[in-house]
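Remarks on the overall topology
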Amino acid sequence: KAVEADRHARVEAEAAERYKSLPIEDRIQLAELNLDVRAQNGLRRRDLETVGELLRLNYKQFAKIRYVGVATRKRILAEVERLGFNCDHLKESSEE
């Protein structure tokens, strides 16, 4: 049992190190943001879990998220920008 506990502790330590090496945007879960249910559901349906995954989308991909309209996209982007991230590439000029 001691060997198994040792191996488990090593695996957990390695996972913690990998997590720390991720860029900050990949450590912030979208579920942690102050988003309404519509926004959360749309992002979840698109299998987006982190701010980094969202920021790697282009405008066309972001705009095509089902059941997420212009107002909801604005709320999502405002929340991400509040954290200090640049979301300009996810905005259409008419939405700004």
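Just above sits the structure.
Note that this is a predicted model, so its numbers are computed, not measured.

A word on the overall build of the protein. Per the secondary structure count, the protein includes five helices and zero strands. For the protein, the N- to C-terminal ordering of α and β elements is α-α-α-α-α. On C-alpha atoms alone, the protein measures out to a radius of gyration of 17 Å, which is more than a quarter above the 12 Å that the 2.2 N^0.38 rule sets for 96 residues. By principal-axis analysis of the C-alpha atoms, the protein measures approximately 60 × 25 × 20 Å. Looking at the protein residue by residue over its 96 residues, the buried ones come to 29%. A total of about 6,700 Å² of accessible surface is found on the protein, and carbon and sulfur atoms cover 50% of it.

Within soluble globular proteins, side chains that are nonpolar tend to cluster in buried spots. Ranked by internal contacts, the top residues of the largest apolar core, which has 20 residues, are Leu43, Val51, Leu54, Phe62, Ile76 and Val80. Of all the elements in the fold, those that place two or more residues in this core are α2 (37-45), α3 (51-55) and α5 (70-82). The contacts of Ile76, once residues within four sequence positions are left out, are Leu35, Ala39, Leu43, Leu54, Phe62 and Val68.

Of all the positions in α2, only Ala39, Gly42 and Leu43 are classed as buried. Buried residues of α2, seen end-on, are gathered within an arc of 95 degrees and therefore sit on one face of the element. In α2, those exposed residues whose orientation departs by more than 90 degrees from the buried face are Val37 and Arg44. Contact partners of the buried residues in α2: α3 and α5. Immediately downstream of α2, the backbone of Asp47 shows phi near 60 degrees, a positive value.

Attention now goes to α5. The end-to-end C-alpha distance of α5 is 18 Å, a good match for the 18 Å that 13 residues give at a rise of 1.5 Å each. Three or more residues of α5 are buried, namely Thr72, Arg73, Ile76, Leu77, Glu79 and Val80. Axial view of α5: buried residues confined to an arc of 160 degrees, hence all on one face. On its buried face, α5 is in contact with α2, α3 and α4 (59-63). Looking one or two residues beyond α5, the residue adopting positive phi is Gly84, at roughly 100 degrees.

Thresholds applied
Residues numbered from 1 in each chain as written. Predicted model: local features only at pLDDT ≥ 70, side-chain atom pairs only at ≥ 80, totals over all residues. Heavy atoms only, no water. Helix = DSSP H or I, 4+ residues; strand = E, 2+ residues; numbered from the N terminus. Rg over C-alpha atoms; globule rule 2.2 N^0.38 Å. Buried < 20%, exposed > 50% of the residue type's maximum accessible area, 1.4 Å probe, protein only. Areas by Shrake-Rupley, 256 points an atom, 1.4 Å probe, with all protein chains shown as cover. Core = buried A, V, L, I, M, F, W, Y, C linked by side-chain atoms within 4.5 Å. Contact = heavy atoms within 4.5 Å. Arc of directions from axis to C-beta. Expected span 1.5 Å × (residues − 1).

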